[in-house]
Amino acid sequence: MPSAVPSSLLSRRALLRLTAATALAAPLAAQAGPASAAAGDVYDTLRLKWRELQLGSGFDPGAEPYRGKLRALGESARKLRETMAPAKGSLWPDAVYGDPEPDTEADSFPYSEALQRSYYQLRTMAEAYAQPGTGLTGDAALRTAILTGLDHLHEEAYHAGQTRYGNWYNWQIGAPQGLLDICCHLYEEVGPERIADYAAAVDHFVPDSAVGSYTGTSTGANRVDLCRVLALRGILTRTPAKIALARDALSPVFPYVTEGDGLYSDGSFIQHTYVPYAGSYGSVMVGGLALLFALLKDSDWEVVDPKRQIILDSVEKAYAPFLFNGLVMDSVSGRAISRESAAGPNGLTPQGDHVRGHGIIAAIALLARSASAAENSRWQSMITGWSRRAVYQPLLDDPALGVAPAARLAAVLAGGARPSPEPVGHSLFAGMDRAVHRRPGWAANLAMASDRITYYETGNGENLRGWHTGSGMLYWWPKDFANGQYTDAFWPTVDPYRLPGTTTSRKKLADGEGGDWGAARPQVRWVGGTGDGTYGISGQHLKGLSSTLSARKSWIFADDAVICLTAGVRAKDGTAVDTVVENRNLGEKGVHRFTVDGTTQPTADGWNTTLHKARWAHLAGHGGYVFPGGAELRALREARTGTWAAINKNGGTTPLSRRYLTLWFDHGSDPDGAACAYLVLPGASEAQVAARAADPGWLRVLANSEQQQGVSVPSLGLTAVNFWAAGSLGGLTTGAPASVLVRRTGSRATLAISEPPRTGAEFTVSWRQPVTAVTSRDPGVEVVATGDSLSLRITPGKLGASHRCTVRLG
């Protein structure tokens, strides 16, 4: 065990402070606050509440999963203490924050990130000191090292008067959050003199003006993070105006937005102006708000803005739709999908869709403290259901969850709430060009791009090859298996030119092609869809990233299948163009049986063939595919090797290999009007897929062209059409480009209509079907005529929303 850091590395003033703090400090009790906290003092009450929110309460440190988490925390802190070596420009040798040419360009970002990481590592050490059962609880040498590190960082970099360099985030959010958390955990040890110096540093980098206007980097999740900094700064220095400012500056986060960052009324969440981000920045926002709501509850600064209800509503509107068996769907996690690991409670912890999902679920458990009794009851049932089904990565075993969130989740699970099942239905998120479809036994998620929503986000050297994730990528999960499909090293090993569901050019793209922070967006408007809450249709006018590729793509989400149509495929890049039916991750050694029209195909690595007149195919343990009328397509089994570092400069360089089964339509080089159609049946058995292929009456493809794409499924009473221009099909006529879905149930029918181009101009839709009455209709739907046929006038607005009406049939 190393002794205190040599005093030669410290200033005389810092050494005197360190000596005094070491002499006066005493080990903290297992979960109690500092003994000197004045009873009834509002600031001490808030500080201790924050400490409890961060470190947890009501758990047995000798019981699992806490025992293992606490031991891992102690081991991480021990290693950090042993490797800490204060020097000019660094506190740890592998975290150099001294920038030789400081500026705010990208080449300075690693230096400011190293400063943030240094504070996070000191926070890990502080948590090990303050938590029970870590093996370092109240350890004097650890305390000395923490204070030494704080003094070193303050005097070298994070102090009033310092000019920031690199990424603004590290100075305004990352570093001060780590610093202020440490001050809360080791309040007496840090002492009033240090706290005053640190507060001055925070005021320098995070002045009140940082939340003066709701623009730029002070929106959404970033705004919530800034308010956390201001609130803790106010609590630690007993400055009521700072706490009030933090509370009041939250209010602009609450209202629904119609463009840019924030929550939309349809449940969409956007950050960085163009990026769907419920699974990452959205998680940060709801988690941060849950903490601040709980912190300030029952105090003079309680958050009482009535619009906070929008945040509570977002649990079921914006987050729950993207949670499946504990994971959060990758289509709303931006560049976070490329992260192998991130700073967690025990140092670096694994990332992935399950880990991100667990974080959101833990945030919901905390937000419940600020919810109504009815909301709390529903959420407890939802959390219990997610936990029961999270068998791929159990919630409480997640190393990325600290003791505090694990304890809160455990308390919910011990409450005996009846587990809610996965919901069934169709949700369209027009505000972020996403759709989620849920049926008994499976779920699917569609990601598109438009001039409003980026193809993908890269930045900070992350997600360098996410080029085609917005080109119609279709994710899907069966209920009880393959829930690790995108978790198990999918992103570093998958062929980024052949993502499932996409139509893409094989034209080679540069890492980060198109620019950082969602700059790359196709100049197309017709992207969106409609649905009746049970079934849905989506469409994308596809334009290739940095290529001449164009196509029209539609997806009809039915009872046990997703019907996929592609038409008008054109390109002039001199490279091949593919429509990818599937690219399934089979794991390290997967040899899953693959059957085509009842014939088992080879399982050997490298198997590559052309399938002629294939009518159906089945992949054991996953699901099946049907090709109406037969199709010619390509199939490949291959082992792919990659590294996280190849897609994220901060990732590991260890080679990873996974086996894939890929199935695609090869449209050839420079196609001119190519088209294809197929069905995906998630979780279906081989017999079910064969039966569907043998039933010619189940599906009628009404059109698959550049003017219209539509189908009829008679057994479901379903007709769904994307009109790329005004026209008629399947008994439907529209006076403008539109997406229309009709579902008949007995003597009634529901029509769902949207205008994806979002001109906002009114238009007419007619249905050649006797209708006696319209029994309900949404705003924006005007009944023009009933009788022998139905005629409606639609005033769509500019948000791409669906407008529904229900009619009684004649």
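Residues numbered from 1 in each chain as written. Predicted model: local features only at pLDDT ≥ 70, side-chain atom pairs only at ≥ 80, totals over all residues. Heavy atoms only, no water.

Right, let's get into the overall build of the protein. Within the protein, the secondary structure is distributed over 17 helices and 37 strands. By its C-alpha atoms, the protein is 90 × 60 × 50 Å across when sized along the principal axes. Sorting the 810 residues of the protein into buried and exposed places 60% on the buried side. The contacts in the protein between residues at least 6 apart in sequence include a share of 70% that link residues at least 24 apart. Of the accessible surface of the protein, which amounts to about 28,200 Å², a share of 51% is contributed by carbon and sulfur atoms. (Helix = DSSP H or I, 4+ residues; strand = E, 2+ residues; numbered from the N terminus. Buried < 20%, exposed > 50% of the residue type's maximum accessible area, 1.4 Å probe, protein only. Contact = heavy atoms within 4.5 Å. Areas by Shrake-Rupley, 256 points an atom, 1.4 Å probe, with all protein chains shown as cover.)

With antiparallel pairing, the seven strands of this open sheet are ordered in space as 26-27-28-31-32-37-34. Across the chains shown, the open sheet's two edge strands, defined by having one partner strand only, are strand 26 (700-704) and strand 34 (771-777). Strand after strand, the sheet turns through a mean of 15° between neighbouring axes, direction not considered. Bridge analysis of strand 27 (residues 708-713) against strand 28 (residues 718-723) gives six bridges, and the strand direction is antiparallel. Paired with serine 712 across the strands is threonine 719, a residue of strand 28. (Pairing = 2+ DSSP bridges. Axes fitted to C-alpha atoms, helices over the stretch in contact; angles between N-to-C directions.)

In this section: the side chain of serine 283. Counting through the fold element by element, serine 283 comes out in helix 10 (residues 281-296). We classify serine 283 as buried; its relative accessible area is 15%.

Let us now look at the pattern of salt bridges. All chains considered together, the criterion is met by 40 salt bridges. The salt bridge involving arginine 81 is made with aspartate 139; its shortest N-O contact spans 2.9 Å. Within this pair, whereas arginine 81 is found in helix 3 (residues 66-83), its partner aspartate 139 is found in the loop between helix 4 (109-130) and helix 5 (140-156), the two being separated by 58 residues in sequence. With respect to class, arginine 81 is no different from aspartate 139; both count as buried. With a closest N to O distance of 2.8 Å, arginine 570 and aspartate 672 form a salt bridge. Of this pair, arginine 570 sits in strand 18 (residues 562-570) while aspartate 672 sits in strand 25 (residues 672-682), placing them 102 residues apart in sequence. On the basis of relative accessible area, arginine 570 is assigned to the partly exposed category, the value being 30%. (Salt bridge = Lys/Arg side-chain N within 4 Å of Asp/Glu carboxyl O.)

The next thing to look at is the pairing of strand 31 (residues 738-745). A large share of strand 31 lies buried, amounting to six of its eight residues. In the sheet, strand 31 pairs with strand 32 (residues 748-754) via seven bridges, with the strands oriented antiparallel. What sits directly across from valine 742, in strand 32, is leucine 751. Counted between consecutive antiparallel strands, the loop separating strand 31 from strand 32 contains two residues, among which glycine 746 sits at a positive phi close to 65°.

Another point: the packing of aromatic side chains. Applying the stated criterion across every chain, the model contains 23 aromatic pairs. Where tryptophan 171 meets phenylalanine 205, the ring centres are 5.0 Å apart and the plane angle is 35°; that geometry is what we call tilted. Residue tryptophan 171 is located in helix 6 (residues 168-185), and its partner phenylalanine 205 is located in helix 7 (residues 187-205); the two are separated by 34 residues in the primary sequence. For the pair shown, tryptophan 171 and phenylalanine 205 are each scored as buried. Aromatic side chains tyrosine 475 and tyrosine 486 sit 5.1 Å apart centroid to centroid with 70° between the ring planes, which places their arrangement in the edge-to-face category. With tyrosine 475 in strand 13 (residues 473-478) and tyrosine 486 in the loop between strand 13 and helix 15 (490-493), this pair connects stretches of sequence that are 11 residues apart. Residue tyrosine 475 shares its accessibility class with tyrosine 486, and that shared class is buried. Among the aromatic residues, those joined into a cluster by ring pairs are Phe324, Tyr475, Trp477, Tyr486, Phe490, Trp491 and Tyr660. Above the plane of the ring of tyrosine 187 lies arginine 47, whose end atom (NZ or CZ) is 3.7 Å from the centre. In this structure, arginine 308 packs its charged tip against the face of phenylalanine 293, placed 4.9 Å from the ring centre. (Phe/Tyr/Trp six-rings, centres within 6.5 Å; stacked < 30°, edge-to-face > 60°. Lys NZ or Arg CZ within 6 Å of the ring centre and 35° of its normal.)

Moving on, we come to the environment of arginine 78. Along the chain, arginine 78 turns up in helix 3. When the C-alpha atoms of arginine 78 and alanine 294 are compared, they prove to be 32 Å apart, with 216 residues separating the residues in sequence.

For the structure on display, the rule yields zero disulfides. Of all cysteine sulfurs in the structure, the one in cysteine 183 sits closest to cysteine 184, which takes part in no disulfide; the separation is 7.2 Å. Assessed through its relative accessible area of 0%, cysteine 184 is described here as buried. (Disulfide = S-S within 2.5 Å.)

Residue pairs three or four apart in sequence face the same way in an α-helix, which turns once every 3.6 residues. For helix 10, spanning 16 residues, the distance from its first C-alpha to its last is 22 Å, which sits close to the expected 22 Å at 1.5 Å a residue. Aspartate 298 lies just past helix 10 and shows a positive phi near 65°. (Expected span 1.5 Å × (residues − 1).)

The two faces of a sheet get side chains in turn, since along a regular strand they alternate between them. Here strand 33 (residues 763-767) shows one buried face, formed by Phe763, Val765 and Trp767, and one open face, formed by Thr764 and Ser766. In terms of strand pairing, strand 30 (residues 732-734) meets strand 33 through three bridges, oriented antiparallel. Considered in strand 33, the bridge of threonine 734 is made with valine 765. Pairing between strand 33 and strand 36 (residues 790-794): five bridges, direction antiparallel. Of the residues in strand 36, the one forming a bridge with phenylalanine 763 is isoleucine 794.

Here we come to the packing of helix 5 against helix 7. Each pair of packed helices can be summarised by the angle the axes make with each other and by the distance between the axes. The interhelical angle for the contact between helix 5 and helix 7, taken along N-to-C directions, is 25°, at an axis separation of 11 Å. Classified by the angle between their axes, helix 5 and helix 7 sit roughly parallel to one another. Our pair here, helix 5 against helix 7, has a crossing hand that is left-handed. Contact with helix 5, carried on its side by Arg143, Leu147, Leu150, Asp151 and His154, involves Glu189, Val190, Arg194, Asp197, Tyr198 and Ala201 of helix 7 and no other residues of that element. In the contact of helix 5 with helix 7, the residues fall into five nonpolar, one polar and five charged. (Parallel < 35°, antiparallel > 145°, perpendicular 65-115°, else oblique. Left-handed = near helix turned anticlockwise from the far one by under 90°. Nonpolar A, V, L, I, M, F, W, Y, C, P; charged D, E, K, R; others polar.)

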